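Examining the three-dimensional arrangement
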Amino acid sequence: MVDICQPDYDSLETPVTGVSVDYPSGHIVKPHRHPRAQLVYAIEGVLVVETPAGRWITPPSHGVWVHAGIEHSLRMRGVTRVRSLFVNPDAVVGLPQDNCVISVSPLLRELILAATQVTGGYSSDSRDGRLMRLILDELGAVQVQSFHLPWPDDARIASVCLTLSQQPAISMTADEWAQQLAMSSKTFHRRFLHSTGVTFGRWRQQARLLNSLEFLAQGRPVLEVALQHGYDSQSAFAAAFKRQFGVPPSAFFLPDNLAD
(Lines give C-alpha, C1' and ligand atoms only; values in the text may rest on other atoms or scores of the structure.)
Protein backbone atom coordinates (compact mmCIF):
# COMPACT_ATOMS: atom_id res chain seq x y z
CA MET A 1 0.00 0.00 0.00
CA VAL A 2 1.22 3.50 -0.85
CA ASP A 3 1.77 5.67 2.21
CA ILE A 4 0.07 9.07 2.02
CA CYS A 5 2.61 10.35 4.53
CA GLN A 6 5.53 9.57 2.21
CA PRO A 7 7.87 12.60 2.16
CA ASP A 8 8.17 12.61 -1.66
CA TYR A 9 4.63 13.98 -1.85
CA ASP A 10 5.69 17.04 0.11
CA SER A 11 8.28 18.24 -2.40
CA LEU A 12 7.94 21.97 -3.02
CA GLU A 13 9.45 21.74 -6.51
CA THR A 14 6.02 21.65 -8.20
CA PRO A 15 3.01 23.74 -7.06
CA VAL A 16 0.58 20.79 -7.05
CA THR A 17 1.06 17.04 -6.63
CA GLY A 18 -1.66 14.39 -6.91
CA VAL A 19 -1.66 11.19 -4.84
CA SER A 20 -3.81 8.07 -5.12
CA VAL A 21 -4.22 5.67 -2.16
CA ASP A 22 -6.85 2.98 -1.45
CA TYR A 23 -7.52 1.95 2.16
CA PRO A 24 -9.46 -0.93 3.75
CA SER A 25 -12.42 -0.18 6.01
CA GLY A 26 -11.39 0.95 9.47
CA HIS A 27 -7.84 1.89 8.45
CA ILE A 28 -6.32 4.74 10.44
CA VAL A 29 -3.53 7.05 9.29
CA LYS A 30 -1.85 8.23 12.48
CA PRO A 31 -1.40 11.94 13.28
CA HIS A 32 1.06 13.61 10.92
CA ARG A 33 1.62 16.93 9.19
CA HIS A 34 2.84 18.25 5.84
CA PRO A 35 4.78 21.36 4.79
CA ARG A 36 2.18 21.82 2.06
CA ALA A 37 -1.59 22.26 2.21
CA GLN A 38 -3.56 19.11 1.43
CA LEU A 39 -6.95 18.50 -0.12
CA VAL A 40 -8.01 15.08 1.17
CA TYR A 41 -10.73 13.66 -1.06
CA ALA A 42 -12.35 10.22 -1.17
CA ILE A 43 -14.02 9.08 -4.41
CA GLU A 44 -15.50 6.14 -2.48
CA GLY A 45 -16.20 5.59 1.21
CA VAL A 46 -16.55 8.04 4.08
CA LEU A 47 -13.45 9.87 5.25
CA VAL A 48 -13.01 11.18 8.80
CA VAL A 49 -10.28 13.80 9.22
CA GLU A 50 -9.33 14.86 12.75
CA THR A 51 -7.16 17.71 14.01
CA PRO A 52 -6.67 18.95 17.58
CA ALA A 53 -9.26 21.66 16.82
CA GLY A 54 -12.02 19.54 15.32
CA ARG A 55 -13.26 16.76 13.13
CA TRP A 56 -14.58 16.67 9.58
CA ILE A 57 -16.66 13.83 8.10
CA THR A 58 -17.07 13.83 4.34
CA PRO A 59 -18.88 11.79 1.67
CA PRO A 60 -17.57 11.37 -1.91
CA SER A 61 -18.94 14.76 -2.99
CA HIS A 62 -16.67 16.75 -0.68
CA GLY A 63 -13.06 17.03 0.38
CA VAL A 64 -11.23 18.37 3.43
CA TRP A 65 -8.74 21.21 3.04
CA VAL A 66 -5.97 20.98 5.65
CA HIS A 67 -3.52 23.84 5.96
CA ALA A 68 0.23 23.32 5.81
CA GLY A 69 1.76 22.30 9.12
CA ILE A 70 -1.54 21.26 10.74
CA GLU A 71 -1.39 17.90 12.52
CA HIS A 72 -4.16 15.58 11.36
CA SER A 73 -5.17 11.93 11.26
CA LEU A 74 -7.44 10.00 8.89
CA ARG A 75 -9.97 7.28 9.57
CA MET A 76 -11.81 5.24 6.93
CA ARG A 77 -15.41 4.08 7.09
CA GLY A 78 -15.92 1.43 4.46
CA VAL A 79 -13.38 0.74 1.73
CA THR A 80 -12.09 4.25 1.04
CA ARG A 81 -10.36 5.38 -2.14
CA VAL A 82 -8.49 8.57 -1.34
CA ARG A 83 -7.29 10.98 -4.01
CA SER A 84 -5.31 13.85 -2.49
CA LEU A 85 -3.74 17.04 -3.73
CA PHE A 86 -0.69 18.58 -2.06
CA VAL A 87 -0.52 22.31 -2.80
CA ASN A 88 2.19 24.86 -2.13
CA PRO A 89 0.71 27.44 0.29
CA ASP A 90 1.70 30.34 -1.98
CA ALA A 91 0.76 28.65 -5.26
CA VAL A 92 -2.13 30.99 -6.01
CA VAL A 93 -4.20 33.73 -4.39
CA GLY A 94 -7.64 32.66 -3.17
CA LEU A 95 -6.94 29.27 -1.61
CA PRO A 96 -9.11 28.45 1.45
CA GLN A 97 -7.91 30.38 4.48
CA ASP A 98 -9.04 27.88 7.12
CA ASN A 99 -9.21 24.13 7.54
CA CYS A 100 -12.59 23.32 6.03
CA VAL A 101 -14.78 21.03 3.94
CA ILE A 102 -15.24 22.05 0.31
CA SER A 103 -17.61 20.92 -2.42
CA VAL A 104 -15.90 18.92 -5.14
CA SER A 105 -17.57 19.73 -8.45
CA PRO A 106 -17.63 17.18 -11.30
CA LEU A 107 -14.92 19.22 -13.04
CA LEU A 108 -12.67 19.37 -9.97
CA ARG A 109 -13.20 15.65 -9.39
CA GLU A 110 -11.95 14.81 -12.88
CA LEU A 111 -9.02 17.20 -12.50
CA ILE A 112 -8.04 15.54 -9.21
CA LEU A 113 -8.19 12.10 -10.84
CA ALA A 114 -6.04 13.34 -13.72
CA ALA A 115 -3.53 14.90 -11.31
CA THR A 116 -3.00 11.57 -9.55
CA GLN A 117 -1.86 10.12 -12.89
CA VAL A 118 0.95 12.67 -13.27
CA THR A 119 4.30 11.25 -12.22
CA GLY A 120 7.55 13.12 -11.69
CA GLY A 121 8.10 16.81 -12.25
CA TYR A 122 6.54 18.94 -14.96
CA SER A 123 7.13 22.33 -16.54
CA SER A 124 4.61 25.14 -16.26
CA ASP A 125 4.02 25.27 -20.04
CA SER A 126 3.44 21.52 -20.44
CA ARG A 127 0.07 19.74 -20.53
CA ASP A 128 0.61 18.61 -16.93
CA GLY A 129 1.53 22.14 -15.92
CA ARG A 130 -1.63 23.55 -17.48
CA LEU A 131 -3.67 20.84 -15.77
CA MET A 132 -2.28 21.85 -12.39
CA ARG A 133 -2.91 25.52 -13.16
CA LEU A 134 -6.55 24.77 -13.86
CA ILE A 135 -6.76 22.87 -10.57
CA LEU A 136 -5.45 25.94 -8.75
CA ASP A 137 -8.07 28.09 -10.49
CA GLU A 138 -10.80 25.70 -9.36
CA LEU A 139 -9.50 25.60 -5.78
CA GLY A 140 -9.67 29.38 -5.69
CA ALA A 141 -13.41 29.23 -6.39
CA VAL A 142 -14.57 26.34 -4.17
CA GLN A 143 -17.57 26.55 -1.84
CA VAL A 144 -16.96 25.90 1.86
CA GLN A 145 -19.46 23.52 3.47
CA SER A 146 -20.53 22.97 7.09
CA PHE A 147 -19.22 19.47 7.83
CA HIS A 148 -17.01 20.57 10.71
CA LEU A 149 -17.37 19.47 14.31
CA PRO A 150 -15.32 21.87 16.49
CA TRP A 151 -13.48 20.27 19.38
CA PRO A 152 -13.24 22.10 22.73
CA ASP A 153 -9.94 23.09 24.30
CA ASP A 154 -11.53 22.88 27.78
CA ALA A 155 -10.79 19.42 29.23
CA ARG A 156 -14.05 19.17 31.18
CA ILE A 157 -16.17 20.21 28.20
CA ALA A 158 -14.14 17.86 26.01
CA SER A 159 -15.16 14.96 28.26
CA VAL A 160 -18.80 15.78 27.53
CA CYS A 161 -18.15 16.01 23.79
CA LEU A 162 -16.30 12.71 23.78
CA THR A 163 -19.24 10.97 25.44
CA LEU A 164 -21.72 12.56 23.03
CA SER A 165 -19.57 11.47 20.06
CA GLN A 166 -19.33 7.90 21.27
CA GLN A 167 -22.93 7.68 22.48
CA PRO A 168 -24.92 10.05 20.21
CA ALA A 169 -28.30 8.78 21.49
CA ILE A 170 -27.59 9.84 25.07
CA SER A 171 -30.36 12.20 26.21
CA MET A 172 -28.75 14.10 29.08
CA THR A 173 -29.64 17.79 29.03
CA ALA A 174 -27.22 20.68 29.46
CA ASP A 175 -28.46 21.12 33.03
CA GLU A 176 -27.75 17.46 33.78
CA TRP A 177 -24.26 17.74 32.32
CA ALA A 178 -23.65 20.86 34.39
CA GLN A 179 -24.72 19.04 37.53
CA GLN A 180 -22.41 16.12 36.72
CA LEU A 181 -19.51 18.54 36.27
CA ALA A 182 -20.38 20.34 39.53
CA MET A 183 -20.94 23.70 37.88
CA SER A 184 -23.96 25.95 37.39
CA SER A 185 -26.00 25.69 34.20
CA LYS A 186 -24.99 29.24 33.29
CA THR A 187 -21.29 28.41 33.71
CA PHE A 188 -21.64 25.23 31.65
CA HIS A 189 -23.29 27.05 28.74
CA ARG A 190 -20.73 29.86 28.88
CA ARG A 191 -17.76 27.48 28.93
CA PHE A 192 -19.22 25.29 26.20
CA LEU A 193 -19.77 28.24 23.87
CA HIS A 194 -16.35 29.71 24.65
CA SER A 195 -14.47 26.45 23.99
CA THR A 196 -16.34 25.29 20.87
CA GLY A 197 -17.72 28.45 19.31
CA VAL A 198 -21.27 27.03 19.22
CA THR A 199 -24.01 26.31 21.74
CA PHE A 200 -24.41 22.94 23.43
CA GLY A 201 -27.61 22.17 21.51
CA ARG A 202 -26.08 23.10 18.16
CA TRP A 203 -22.95 21.08 18.82
CA ARG A 204 -24.89 17.97 19.82
CA GLN A 205 -27.09 18.15 16.72
CA GLN A 206 -24.05 18.67 14.49
CA ALA A 207 -22.32 15.69 16.11
CA ARG A 208 -25.35 13.46 15.66
CA LEU A 209 -25.87 14.39 12.01
CA LEU A 210 -22.21 14.10 11.05
CA ASN A 211 -21.84 10.78 12.85
CA SER A 212 -24.94 9.51 11.07
CA LEU A 213 -23.18 9.88 7.71
CA GLU A 214 -20.85 7.02 8.61
CA PHE A 215 -23.78 4.68 9.21
CA LEU A 216 -25.80 5.82 6.19
CA ALA A 217 -22.75 5.16 4.01
CA GLN A 218 -22.83 1.55 5.18
CA GLY A 219 -26.39 1.19 3.90
CA ARG A 220 -28.04 1.06 7.34
CA PRO A 221 -31.84 1.70 7.35
CA VAL A 222 -32.68 5.35 7.98
CA LEU A 223 -34.95 4.51 10.93
CA GLU A 224 -32.18 2.50 12.58
CA VAL A 225 -29.70 5.35 12.10
CA ALA A 226 -32.23 7.88 13.44
CA LEU A 227 -32.83 5.93 16.65
CA GLN A 228 -29.11 5.27 17.15
CA HIS A 229 -28.44 9.00 16.99
CA GLY A 230 -30.99 10.24 19.49
CA TYR A 231 -34.02 10.98 17.30
CA ASP A 232 -37.46 9.74 18.31
CA SER A 233 -38.59 9.11 14.75
CA GLN A 234 -37.38 8.80 11.18
CA SER A 235 -39.28 11.95 10.21
CA ALA A 236 -37.63 14.07 12.90
CA PHE A 237 -34.20 12.84 11.83
CA ALA A 238 -34.98 13.40 8.14
CA ALA A 239 -36.16 16.96 8.79
CA ALA A 240 -33.00 17.87 10.75
CA PHE A 241 -30.82 16.13 8.16
CA LYS A 242 -32.39 18.01 5.25
CA ARG A 243 -32.01 21.36 7.03
CA GLN A 244 -28.31 20.61 7.52
CA PHE A 245 -27.36 19.01 4.20
CA GLY A 246 -30.09 20.11 1.79
CA VAL A 247 -31.32 16.61 0.92
CA PRO A 248 -33.06 13.82 2.88
CA PRO A 249 -30.85 11.04 4.30
CA SER A 250 -32.29 8.49 1.86
CA ALA A 251 -30.93 10.53 -1.06
CA PHE A 252 -27.62 11.75 0.33
CA PHE A 253 -25.42 8.99 -1.10
CA LEU A 254 -27.24 8.57 -4.41
CA PRO A 255 -24.91 9.05 -7.41
CA ASP A 256 -26.95 11.95 -8.83
CA ASN A 257 -26.71 13.84 -5.56
CA LEU A 258 -22.98 13.24 -5.17
CA ALA A 259 -22.37 14.64 -8.62
CA ASP A 260 -24.12 17.96 -7.95
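Now for a look at the structure at hand. (Residues numbered from 1 in each chain as written. Predicted model: local features only at pLDDT ≥ 70, side-chain atom pairs only at ≥ 80, totals over all residues. Heavy atoms only, no water.)

Nonpolar side chains in soluble globular proteins tend to be buried together. One finds Phe188 and Phe237 to be the most contacted residues of the largest nonpolar core, which totals 51 residues. Ranked by residue count, the leading element in this core is helix H6 (residues 200-217), at seven residues. Ignoring sequence-local partners within four residues, the contact set of Phe237 consists of Leu209, Ser212, Leu216, Val222, Val225, Ala226, Tyr231 and Pro249. Counting residues in hydrophobic clusters, the runner-up holds 25 residues, among them Leu85, Leu108, Val118 and Ile135. (Core = buried A, V, L, I, M, F, W, Y, C linked by side-chain atoms within 4.5 Å. Buried < 20%, exposed > 50% of the residue type's maximum accessible area, 1.4 Å probe, protein only. Helix = DSSP H or I, 4+ residues; strand = E, 2+ residues; numbered from the N terminus. Contact = heavy atoms within 4.5 Å.)

So, on to the packing of aromatic side chains. Counting across every chain of the model gives eight aromatic pairs. Arranged with centres 5.8 Å apart and planes meeting at 45°, the rings of Phe188 and Phe192 form a pair that is tilted. One end of the pair, Phe188, and the other, Phe192, are both in helix H5 (residues 185-196), four residues apart, so they sit about a helical turn from each other. Residue Phe188 shares its accessibility class with Phe192, and that shared class is buried. Linked through ring pairs, Trp151, Phe188, Phe192, Phe200 and Trp203 together constitute an aromatic cluster. (Phe/Tyr/Trp six-rings, centres within 6.5 Å; stacked < 30°, edge-to-face > 60°.)

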